[in-house]
Amino acid sequence: MAKNIIIIGAGIVGIATASYLRRDGHAVTVVDMRPPGEYTSFGNAGILSPGSCVPQALPGVLQKVPGFLSDPMGPLAIRPAHFLKALPWFLRLVAASRLSRVEQIADALRPLLKQTFDAYAPLVQNAGVTDMIRQQGYVVAYSSREALQRDALPWKLRRDRGVVIEEIDGAAIRQKVPQLAGSYVAGLYLPEQGHVTNPERLTKALAEQFQKDGGKILQRKVLDIEFSPEGPRALVTDAGHLPLESLVICAGSHSNEFTAKLGDNLPLEAERGYHVTFSDPRFTLPMPVFLPQQKVFVTPMEMGLRIAGQSEFAGNDTEPNYGRADVLSKQMQAIFPGISNVDATKWMGRRPSMPDSLPVIGPASKMPNVWYAFGHGHVGLCGGAPTGRLIAEMIGGRPTNIDATPFGAGRF
Ligand SMILES: Cc1cc2nc3c(=O)[nH]c(=O)nc-3n(C[C@H](O)[C@H](O)[C@H](O)COP(=O)(O)OP(=O)(O)OC[C@H]3O[C@@H](n4cnc5c(N)ncnc54)[C@H](O)[C@@H]3O)c2cc1C
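Bear in mind that the values here come from a model prediction, so they are computed numbers and not experimental data. (Residues numbered from 1 in each chain as written. Predicted model: local features only at pLDDT ≥ 70, side-chain atom pairs only at ≥ 80, totals over all residues.)

### What to know about the overall build of the protein chain
Scanning the protein chain for helices and strands turns up twelve helices and 21 strands. On C-alpha atoms alone, the protein chain measures out to a radius of gyration of 21 Å, which is about the 22 Å that the 2.2 N^0.38 rule sets for 412 residues. Viewed in the frame of its principal axes, the protein chain has a C-alpha envelope of about 65 × 45 × 40 Å. Here the protein chain holds 412 residues, and 49% of them are scored as buried. Expressed as a percentage of contacts within the protein chain between residues at least 6 apart in sequence, the contacts between residues at least 24 apart total 76%. (Helix = DSSP H or I, 4+ residues; strand = E, 2+ residues; numbered from the N terminus. Rg over C-alpha atoms; globule rule 2.2 N^0.38 Å. Buried ≥ 20, exposed ≤ 12 C-beta atoms within 10 Å, placed from the backbone. Contact = placed C-beta atoms within 7 Å.)

### Description of the site of the ligand
The environment of the ligand is made up of 40 residues, and the closest members are Gly11, Gly252, Gly273, Gly380 and Leu381. The set of elements that each furnish at least two residues to the shell around the ligand consists of helix H1 (12-23), strand S2 (27-32), strand S15 (269-278), strand S19 (344-353) and helix H12 (380-395). Per-class residue counts for the shell around the ligand are 20 nonpolar, 16 polar and four charged. (Near = placed C-beta within 6 Å. Nonpolar A, V, L, I, M, F, W, Y, C, P; charged D, E, K, R; others polar.)

### Some remarks on the sheet that holds strand S12 (residues 231-237)
Here three strands make up an open sheet; going across it, the order is S11-S12-S13 and the pairing antiparallel. Each edge of the open sheet carries a strand with a single partner, namely strand S11 (222-228) and strand S13 (240-243). Strand after strand, the sheet turns through a mean of 30 degrees between neighbouring axes, direction not considered. (Pairing = 2+ DSSP bridges. Axes fitted to C-alpha atoms, helices over the stretch in contact; angles between N-to-C directions.)

### Considering the sheet that holds strand S1 (residues 4-8)
The strands that make up a sheet are held in pairs by hydrogen bonds between backbone atoms, and each pair lies either parallel or antiparallel. The strand order across the open sheet formed by six strands is S10-S2-S1-S14-S21-S20, and the pairing between neighbours is mixed. Edge strands, defined here as strands with exactly one partner in the open sheet, are strand S10 (216-219) and strand S20 (360-363). For this sheet, the mean angle separating the axes of adjacent strands, direction not counted, is 20 degrees. Two strands pair when backbone bridges link them, and strand S14 (residues 246-249) and strand S21 (residues 370-374) are joined in this way by three bridges, in the parallel orientation. Bridge assignment links Leu247 to a residue of S21, and that residue is Val370.

### Observations concerning the packing of helix H5 (residues 116-127) against helix H9 (residues 199-212)
Between H5 and H9, whose axes approach to 9 Å, the crossing angle comes to 70 degrees. In this view, H5 runs roughly perpendicular relative to H9, as classed from their interaxial angle. Mapping the contact onto sequence places Leu123, Asn126 and Ala127 in H5 and Ala205, Leu206 and Gln209 in H9. Looking at the contact of H5 with H9, its residues break down into four nonpolar, two polar and no charged. (Parallel < 35°, antiparallel > 145°, perpendicular 65-115°, else oblique.)

### Examining helix H4 (residues 99-114)
Look at H4: 22 Å from first C-alpha to last across 16 residues, which is about the 22 Å you get at 1.5 Å a residue. When H4 is considered as a whole, its buried residues turn out to be Val102, Ile105, Ala108, Leu109, Arg110, Leu112, Leu113 and Lys114. Elements that come into contact with the buried residues of H4 comprise H5 and H12. (Expected span 1.5 Å × (residues − 1).)

### Some details on the environment of Glu103
Following the sequence through the fold, Glu103 ends up in helix H4. Judged by local crowding, Glu103 falls into the partly exposed class, with 14 C-beta atoms found within 10 Å. On a C-alpha basis, the gap between Glu103 and Val30 in space is 36 Å, while along the polypeptide they are 73 residues apart.

### Side note on the pairing of S12
Alignment of S11 against S12, held across six bridges, turns out to be antiparallel. Paired with Ile225 across the two strands is Leu235, which belongs to S12. Where S11 folds back onto S12 in an antiparallel hairpin, the turn is made up of two residues. Across four bridges, S12 lies against S13 in antiparallel orientation. Within S13, the residue paired with Leu235 across the bridge is Leu242. Linking S12 back to S13 in an antiparallel pair, the connection comprises two residues.

### Focus: the packing of H1 against H9
Helices that pack against each other are described as a pair by the angle of their axes relative to one another and the distance between those axes. The interhelical angle for the contact between H1 and H9, taken along N-to-C directions, is 30 degrees, at an axis separation of 9 Å. The orientation of H1 relative to H9 falls into the category roughly parallel. The way H1 lies across H9 gives a crossing that is left-handed. For the pair H1 and H9, the contacting residues are Ile12, Ile15, Ala16, Ala18, Ser19 and Arg22 in the first and Thr203, Leu206, Ala207 and Phe210 in the second. (Left-handed = near helix turned anticlockwise from the far one by under 90°.)

### Here's the deal with the pairing of strand S18 (residues 304-313)
In terms of burial, S18 is a largely internal element, eight of the ten residues being buried. Here strand S4 (residues 76-78) runs beside S18; their pairing, made up of three bridges, is parallel. Residue Leu76 lies in a different strand from S18, and its bridge partner there is Ser311. Relative to S18, S15 runs antiparallel, the two being bridged by seven bridges. Among the inter-strand pairings, Glu271 is bridged to a residue of S18, identified as Phe313. Here strand S17 (residues 296-301) runs beside S18; their pairing, made up of six bridges, is antiparallel. Residue pairing in the sheet places Val296 in a bridge with Gly309 of S18. Where S17 hands over to S18, the hairpin turn is made up of two residues, counted between the paired strands.

### Section: unusual backbone geometry
For Arg282, which is not glycine, the phi dihedral falls at a positive 75 degrees. When you line up the elements, Arg282 lands in the loop between S15 and strand S16 (289-291). You can call Arg282 exposed: it has 12 C-beta atoms within 10 Å.

The structure is reproduced here in structure tokens:
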């Protein structure tokens, strides 16, 4: 039966969910204080990686943190003022780094992300933007064989779940990506992975098509939820009340502000990342490159060459520290010697990160007609369309195409 559904959030997860629900014939309204795709979904690395089933925290994570934090060029930063607030989240992250739990998390993530291309296909075809999706694979480059061997576990976790990974030497790396510095001597090639050429434009194109197909988007800030004895009955926004029948929370790193009101206290952190886009690098890349030692991706995009990475814990609302983006710029000069940084632009975004690296996808624990779709951390672009499809199956009362139990809100 068709329902009236309001979605909070017009990032890639909210728009993909809205698109799938609209395809099922529901009356769908998306509410966001920003235009579609202008928050975290604006500036990610654009990687569509069905193989990204490995959680952020692996065994031994605790031993690595001091080294990361003390390195000014390192990938991790925690603002001292935010440390105590984030401590319970970090304790859960460490608890999720046990090998047995890591295996379970990878088992849950792989079936969701495996459908990345398949789940985006009907949406991009309908919106006429199939050209934005590329599947040329990506190259992983290490500066030594020992460094590659130290990362054996994350690659094994992927291989064990059917991800195709080819080992390549320095010569093969340069054959695939001739522009890379000569210092990369060991690497991998993952042929089934891909990227989008402009994550912001993808979200906007899907949003535009959703509206053409009869969906509504309202630009408003949601301030509160009003309740009747039966459950939520209206959204309080900066432009009046919106009566509510069914609600989906897709508010990215702000989602727990709403779930707390709905009776679910969920551990969500804004894991801030940065990008620098070199608009005129004087060359282009045939495919993205992942540099695991720096934990950065470099992706060829229609706006230029983008380097993205860094994990900064400082809450949602503190000012960006563009010193973190300067770290990325310096790394880019080493990865691609001689690259021109004229007109390079910097950006900060907030990954909605759960401590176990699993998104929350499914019904609210305590409220009827409320659904959650957030917390995709590093893989929200890959996970956007698969999540939309899953939520549409759940709301439609159909059997889900994968086991969604591991994504339940009740796991905390
Ligand atoms: C540097 C970086 C690189 C990344 N690279 C990749 C990658 O290569 N591949 C990948 O899959 N993922 C990547 N990610 C992660 C990915 O970008 C995110 O997981 C994804 O964008 C999250 O989408 P979302 O729709 O959940 O959230 P968002 O895009 O943040 O959207 C949430 C929306 O909710 C709205 N909202 C919040 N509160 C309110 C309110 N009170 N009222 C109204 N609206 C509200 C916001 O305005 C926003 O538009 C990267 C992230 C970063 C930071």
